[in-house]
Amino acid sequence: MNYWLMKSEPDAFSIDDLKKVKTEPWDGIRNYQARNMMRDDMKKGDQIFFYHSNADEIGIVGIMKVVKEAYPDHTAINPKAKYYDPKSSPDNIRWQMVDVGFVKKFKRIITLDELRQHEKKLKDMALLRKGNRLSILPVTKQQWDYILTLA
DNA sequence: GCCAACGTTGGC
DNA sequence: GCCAACGTTGGC
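Residue numbers restart at each chain and count upward from 1, following the sequence in its written direction. To read the labels, note that chains go from A and ligands from 1, taken in the order they are written. Under the rules for a predicted model, residues below a pLDDT of 70 receive no local features and side-chain atom pairs below 80 are neither given nor counted, while totals for whole chains, interfaces and linings still include all residues. Heavy atoms from the whole structure form the basis of all side-chain values; hydrogens and water molecules are not counted.

J.: Before we go on, may I ask you to explain the overall build of chain A in this structure?
T.: Secondary structure counts use DSSP, requiring at least four H or I residues in a row for a helix and at least two E residues in a row for a strand, with both numbered from the N terminus. Each helix and strand counted, chain A has four helices and six strands in total. Listing each helix as α and each strand as β along chain A from the N terminus yields β-α-β-α-β-β-β-α-β-α. Only C-alpha atoms enter the radius of gyration; for comparison, a globular chain is expected to reach 2.2 Å times N to the power 0.38, where N is the number of residues. Against the compact-globule benchmark of 15 Å for 151 residues, chain A has a radius of gyration of 15 Å, which places it among compact chains. Projecting the C-alpha coordinates of chain A onto the three principal axes gives extents of approximately 45 × 30 × 25 Å. Counting all 151 residues of chain A, 44% fall into the buried class. If you take every contact in chain A between residues at least 6 apart in sequence, the share linking residues at least 24 apart comes to 71%. Throughout, the Shrake-Rupley method with a 1.4 Å probe supplies accessible areas, and for residues the shown protein chains are the sole cover considered. Summed over its atoms, the accessible surface of chain A is roughly 8,800 Å², and 47% of this surface lies on carbon and sulfur atoms. Looking at chain A, you have 27 positive and 21 negative side-chain charges, and the mean spots of the two groups are 2 Å apart. Partly exposed describes any residue whose relative accessible area lies between the buried limit of under 20% and the exposed limit of over 50%, with all areas from a 1.4 Å probe on protein chains only and scaled to the type maximum. Two residues form a contact once any of their heavy atoms are found within 4.5 Å. When charges are counted, Lys and Arg contribute as positive and Asp and Glu as negative, whereas His and the chain ends are disregarded. The location of each charge is read from NZ of Lys, CZ of Arg, CG of Asp or CD of Glu.

J.: For this particular structure, what's the right way to read the protein's contact with DNA strand B?
T.: Near DNA strand B you find Asn31, Tyr32, Gln33, Lys87, Arg94, Lys130, Gly131 and Arg133, and these make up its full shell. Note on definitions. A residue lies near a molecule or strand when any single heavy atom of the residue is within 4 Å of it. Among atoms of DNA strand B positioned within 4 Å of the protein, sugar and phosphate together represent 70%. Here a phosphate oxygen of DNA strand B sits 3.2 Å away from a polar atom, N or O, in the side chain of Lys87. Counting of polar contacts relies on pairs of N or O atoms within 3.5 Å, with two restrictions inside protein: one atom must be capable of donating a hydrogen and the other of accepting it, and residues adjacent in sequence are counted only when both atoms are side-chain atoms. Interatomic distance of 2.6 Å between a side-chain N/O atom of Arg133 and a base oxygen of DNA strand B. In the scheme used here, Gly and all other residues not listed as nonpolar or charged are polar, with Ala, Val, Leu, Ile, Met, Phe, Trp, Tyr, Cys and Pro taken as nonpolar and Asp, Glu, Lys and Arg as charged. For the surface near DNA strand B, the class distribution of residues is one nonpolar, three polar and four charged.

Right under this line is the structure:
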């Protein structure tokens, strides 16, 4: 079982939105590294931290899981979609997505600030590394368990 | 709204 | 294959 962290701007899609709809196709990923992780390493049942970015309160807000493994992100070939990709075509969709399911919302948000305060315990957590803008990040079991104790 | 830190594109 | 220009992300 692998562990992940996925970012979303709560204005666009928040943990409360996920709680309401239960499952959601995680479309719009347009970064090769992130796509490759979804395609190659994300397995059904993997656990994911839901992270709110670009918000009043930035941080981890809950847990979701992979309910469907990677498949083509058809929004890439929809000219009206927000993340339309003119270089993709129906027989060559460059992007993939997974479906995620709601697991739980934390009673409180584990803010980025707080995570930084635990930097030593969360050694080399990808999220805390400088300049990291990937919207999907791997989390180690140790980091996962430690963050759960914070929550 | 600013800007640092990227990733991507495209001309050469 | 290099790299300048451009676009995007995301914290502040």
